[in-house]
Amino acid sequence: MAVSPPQAFPPRKRRPSAGSFVPPNFSDRKLLQSLLLLSQEISSLQPLRPLLKRNSCSILHKTKLIAVLFEELLRNPVTCYSPSAVLCFEELYIVLQRVKTLIEDWSNGSKMWLLMQNESVSNTFHELTADLSTLLDIFPVKDMNFNEDVEELVILIKKQCSERKAFVDPTNDNLRREVLKMLDRIKREIVPDHSKLTEIFDRLQLRDSTSCRDEIESLEDEVQNQTDEKSKSDVIELIGLVRYSKCVLYGASTPRTTRRRRKSAVDVSFPPDFRCPISLDLMRDPVVVSTGQTYDRASINLWIESGHNTCPKTGQTLAHTNLIPNIALKNLIAMWCREQRIPFETAETNDRKTNGVVTNKTALEATKMTVSFLVNKLTASQSMETANRVVHELRALAKTDSDSRACIAEAGALPFLVKFLGSEHPNLQVNAVTTILNLSILEANKTRIMETDGVLNGVIEVLRSGATWEAKGNAAATIFSLTGVHAYRKKLGRKARVIKGLMDLARDGPSCSKRDGLVAILSLAGDRETVGKLVEGGVVEMAGGEVMDLLPEEAVTVLEVVVKKGGLVAVAAAYHVIRKLTVVLRNGTDGARESAAATLVNICRKGGSETVAELAAIPGVERVIWEVMGTGSGRARRKAASLLRILRRWAAGLDGDLTVAAAAYSSINLSPARIVLPA
């Protein structure tokens, strides 16, 4: 299991902004009120459990005394505080903010990681206590004319804060050593003792599947917090241990229903600029080609390897095939994924894993043990409910990283998953097909899926007659994933069942399933022979119908590719969607307008004067084209200019007996003063 490079996923900042540790610029009384409020907030916090309870209880007790002190100071105000007293108040505000942050962070964080940091965090509590002690020592009590009660309270707090050294709980330290021994044994491929695991997890209050799942999510967040590779690697080892222990101690579990569940990219609508123009999926590794267009590396590599030497969006010949990483966009996508709680695994990360550059032996062995346990459970499983739980665990594991995908396939899980593709248990079918989808992300697994008896046919059957739209959509996504290999794309494109299943899904499914179907169709359309089958199957009518109203960008992109590669039959079929394409040209997103303009150019060039006349007859079409030329993207402007040139040439070639449509068009002012066409 590789550690993600920092640039692949910017670390989530656990700490508040620097401004949180700057005292507010308040009057003396307002500052005291802020200190009272802050100390009361800290006092209301719960101490850390089960680790560092004594350390956190101690500082919370001191904070409660400080809150009482500020209550007294506000009840018996001093006319004017000295500059040294105000400075002490300001510094105290910063220290209390740090106390609050420390307790809140570790209250919501990973227990395993807190155990590993036991000594460090104990020292931090001691340092904060020492800072409080220092501030109270220099606080000018004698100059303040406090009453006797306040002076006694200050003295009491001073005594409470006078710790000579940090308290490191020896029980916690021993537990930490036990965990490290356990990790070392896993690294040496020794299966952990279950009774010892039970003891460790009980002491950490990780006593069921839910608490373990929360712990795994906290550790996954912690990976993002760490900036050095060693710490990341240590956290990843703990994830492997907790995941294994969760399965063997508490059994496989079904999905959580709470909102903390991590999402995948298909669960949310992502910004159009983050979408690869080829796959229409979220870009993981955006790169720029010689024409200046950005694509996902995997998609454009496939395009080039398939023999193309042109830019998919612009149609321009590529001056070279060098791919330049778009680091700025990649970081924006990574930050958006982090905010949406979507795992962001880049192709670079996968390459590092495949090459074994940053392999974490302990985490890898823990993954192998987890997979072995689950597959054995699947072998012996009798009830559908038990099988569903196990398959769901495999599904979740296959989603995590390349090592897990490789381990699951190598353990022989695919033949067992095939059995459940035809299950009458809807959730089991969804979990089985989604596990295969997640496995297919790994290149080596694509071959296993295509060659293992029954797997491909099972996925196609789910696509055609799955129990739920989710199952059908994930079957379509699996087809799309498999088309990443050129030979498999041609093979899948020859299967009438695949074409029919995808068309039905795109036409009849809900929006998310329609998108899965359209993306798979778009990938299959990269093969010219398959385009003919798609046209015969009614892809133009499908994409130009209700689908274009719901998912205009995806539908128009499919039309663009089909019309470009489908010959006169596709152009003839597209004649009836010219008006709809004009609507997209007027109201669509930048990407949709680009594709609509490009599609109209191809239709008009190949369809002859009758097609151009149909476009010219649309009221206001010239204004729409001018708008695109003025406000569209670079490619959209060029396509709109080509479209306008086609219309102008058509108008110039008419005789005196104009039809109504042509007469309407001839009134368009195409003078150079209005618009300048590119050469």
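Rules and cut-offs
- Residues numbered from 1 in each chain as written.
- Predicted model: local features only at pLDDT ≥ 70, side-chain atom pairs only at ≥ 80, totals over all residues.
- Heavy atoms only, no water.
- UniProt positions renumbered as here; feature names shortened; annotations may be inferred.
- Helix = DSSP H or I, 4+ residues; strand = E, 2+ residues; numbered from the N terminus.
- Buried < 20%, exposed > 50% of the residue type's maximum accessible area, 1.4 Å probe, protein only.
- Contact = heavy atoms within 4.5 Å.
- Areas by Shrake-Rupley, 256 points an atom, 1.4 Å probe, with all protein chains shown as cover.
- Salt bridge = Lys/Arg side-chain N within 4 Å of Asp/Glu carboxyl O.
- pLDDT = per-residue confidence, 0-100.
- Polar contact = N/O pair within 3.5 Å; in protein donor to acceptor, adjacent residues only side chain to side chain.
- Axes fitted to C-alpha atoms, helices over the stretch in contact; angles between N-to-C directions.
- Parallel < 35°, antiparallel > 145°, perpendicular 65-115°, else oblique.
- Left-handed = near helix turned anticlockwise from the far one by under 90°.
- Phe/Tyr/Trp six-rings, centres within 6.5 Å; stacked < 30°, edge-to-face > 60°.
- Lys NZ or Arg CZ within 6 Å of the ring centre and 35° of its normal.
- Pairing = 2+ DSSP bridges.
- Nonpolar A, V, L, I, M, F, W, Y, C, P; charged D, E, K, R; others polar.
- Expected span 1.5 Å × (residues − 1).

An unreviewed UniProt entry annotates the chain as RING-type E3 ubiquitin transferase of Davidia involucrata. Turning to the chain, the UniProt record has this under Catalytic activity (unreviewed entry): "S-ubiquitinyl-[E2 ubiquitin-conjugating enzyme]-L-cysteine + [acceptor protein]-L-lysine = [E2 ubiquitin-conjugating enzyme]-L-cysteine + N(6)-ubiquitinyl-[acceptor protein]-L-lysine." Quoted verbatim from the Pathway (unreviewed entry) field of UniProt, the annotation for the chain is "Protein modification; protein ubiquitination."

A. Summary view of the overall build of the chain. Across its full length, the chain holds 35 helices and three strands. By residue count, 53% of the 679 residues in the chain fall in the buried class. Across the chain, every contact between residues at least 6 apart in sequence was considered, and the portion connecting residues at least 24 apart equals 73%. Element-wise, carbon and sulfur atoms account for 51% of the exposed surface of the chain, whose accessible area totals about 29,800 Å².

B. Spotlight on the environment of Asp401. Along the polypeptide, Asp401 turns up in the loop between helix 15 (384–398) and helix 16 (402–410). Considering only alpha carbons, one finds Asp401 and Asn438, 37 residues apart in sequence, at a separation of 9.4 Å.

C. Region of the structure containing the pattern of salt bridges. Going through the model one piece at a time under the given rule, you end up with 35 salt bridges. As a salt-bridge pair, Arg494 and Glu529 come within 3.8 Å of each other at their nearest N and O atoms. Residue Arg494 is located in the loop between helix 22 (486–493) and helix 23 (496–508), and its partner Glu529 is located in helix 25 (residues 528–536); the two are separated by 35 residues in the primary sequence. Among the residues examined, Glu529 registers a relative accessible area of 43% and is labelled partly exposed. Lys580 is the partner of Asp549 in a salt bridge, and the nearest nitrogen-oxygen pair spans 3.3 Å. Of this pair, Asp549 sits in helix 27 (residues 546–550) while Lys580 sits in helix 30 (residues 578–587); the two residues are 31 residues apart in sequence, bridging distant segments of the chain. In this structure, a network of salt bridges that share partners links the residues Glu178, Lys196, Glu199 and Arg203.

D. Layout of the confidence of the model for the chain. Per-chain confidence: the chain averages 83 in pLDDT, with 86% of residues scoring 70 or above. For the chain, helix 35 (residues 660–666) is the element with the lowest average pLDDT, namely 39, and helix 20 (residues 455–465) is the one with the highest, namely 96. Note on residues 258–267: pLDDT is under 50 here. Beyond four places in sequence and across chains, it has 26 contacts. For the stretch residues 654–679, pLDDT sits under 50, and the model shows 34 contacts to residues farther than four places along the chain or on other chains.

E. A look at the side chain of Asn474. Within the secondary structure, Asn474 sits in helix 21 (residues 469–482). Only 2.7 Å separates the side chain of Asn474 from the side chain of Thr434, close enough to count as a polar contact. Setting aside residues no more than four positions away along its own chain, Asn474 makes contact with Val433, Thr434, Leu437 and Asp516.

F. Structural view of the packing of helix 29 (residues 567–574) against helix 31 (residues 590–607). For the pair helix 29 and helix 31, the least separation of the axes is 10 Å and the interaxial angle reads 115 degrees. Judged by the inter-axis angle, helix 29 sits roughly perpendicular to helix 31. In this structure, the crossing between helix 29 and helix 31 has a hand that is left-handed. Of helix 31, the residues touching helix 29 (which contributes Leu568, Val571 and Ala574) are Ile603, Lys606 and Gly607.

G. Structural view of the packing of aromatic side chains. Counting across every chain of the model gives three aromatic pairs. Pairing Phe89 with Phe139 gives two aromatic rings, centres 5.4 Å apart and planes at 45 degrees, and the pair type is tilted. You can see Phe89 sitting in helix 3 (residues 83–108) and its partner Phe139 sitting in the loop between helix 5 (118–138) and helix 6 (148–161), a full 50 residues away along the chain. Phe139 matches Phe89 in its accessibility class, with the two residues each being buried. Consider the rings of Phe274 and Trp336, whose centres lie 6.0 Å apart with planes at 70 degrees: the pair is edge-to-face. Highlighted residues: Phe274 in the loop between helix 10 (229–250) and strand 1 (286–288) and Trp336 in helix 12 (residues 327–340), separated in sequence by 62 residues. In terms of burial, Phe274 and Trp336 fall into one category: buried. An aromatic cluster of at least three residues, connected via ring pairs, comprises Phe70, Phe89 and Phe139. Note that Arg54 overlies the ring of Phe167, its terminal NZ or CZ placed 3.7 Å from the centroid.

H. Representation of the sheet that holds strand 2 (residues 294–296) in the model. Pairing within the open sheet is antiparallel, and its three strands lie in the order 2-1-3. Two strands close off the open sheet at either side, each with one partner strand: strand 2 and strand 3 (324–325). By the bridge criterion, three bridges tie strand 1 to strand 2 in an arrangement that is antiparallel. Looking across to strand 2, one finds that Val287 is bridged to Tyr295. Those strands touched by helix 11 (residues 297–305) are strand 1, strand 2 and strand 3, and its axis lies near 95 degrees from that of strand 2.

I. Just the packing of helix 1 (residues 28–43) against helix 2 (residues 53–75), in detail. Helix 2 packs onto helix 1 with a crossing angle of 150 degrees between their chain directions and a minimal axis gap of 8 Å. Considering the angle they form, helix 1 stands roughly antiparallel to helix 2. Helix 1 and helix 2 meet at a crossing whose hand is left-handed. Contacts between helix 1 and helix 2 involve Arg29, Leu32, Gln33, Leu35, Leu36, Ser39, Gln40, Ile42 and Ser43 on the former and, on the latter, Leu60, Thr63, Lys64, Ile66, Ala67, Phe70, Glu71, Leu73 and Leu74. Split by residue class, the contact of helix 1 with helix 2 holds 10 nonpolar, five polar and three charged.

J. Spatial organisation of unusual backbone geometry. In this structure, Pro50 follows Arg49 across a cis peptide bond, with omega equal to -5 degrees. Inspection of the secondary structure assignment puts Pro50 in the loop between helix 1 and helix 2. For Gln205, which is not a glycine, the phi torsion comes out positive at approximately 60 degrees. Topologically, Gln205 is positioned in the loop between helix 8 (194–203) and helix 9 (209–225).

K. Region of the structure containing the environment of Leu36. If you trace the backbone, Leu36 turns up in helix 1. Along the sequence, Leu36 and Lys64 sit 28 residues apart, while their C-alpha atoms lie 9.8 Å from each other. If sequence neighbours within four positions are ignored, Leu36 has contacts with Ala67, Phe70, Glu71 and Leu74.

L. Representation of helix 10. Look at helix 10: 31 Å from first C-alpha to last across 22 residues, which is about the 32 Å you get at 1.5 Å a residue. Extensive coverage of helix 10 is indicated by the burial of 17 of its 22 residues. Looking at the residues trailing helix 10, positive phi occurs at Gly251, about 80 degrees.

M. Structural detail: the environment of Asn118. Within the fold, Asn118 resides in helix 5. Ignoring sequence-local partners within four residues, the contact set of Asn118 consists of Leu52, Val168, Asp169, Asn172 and Asp173.

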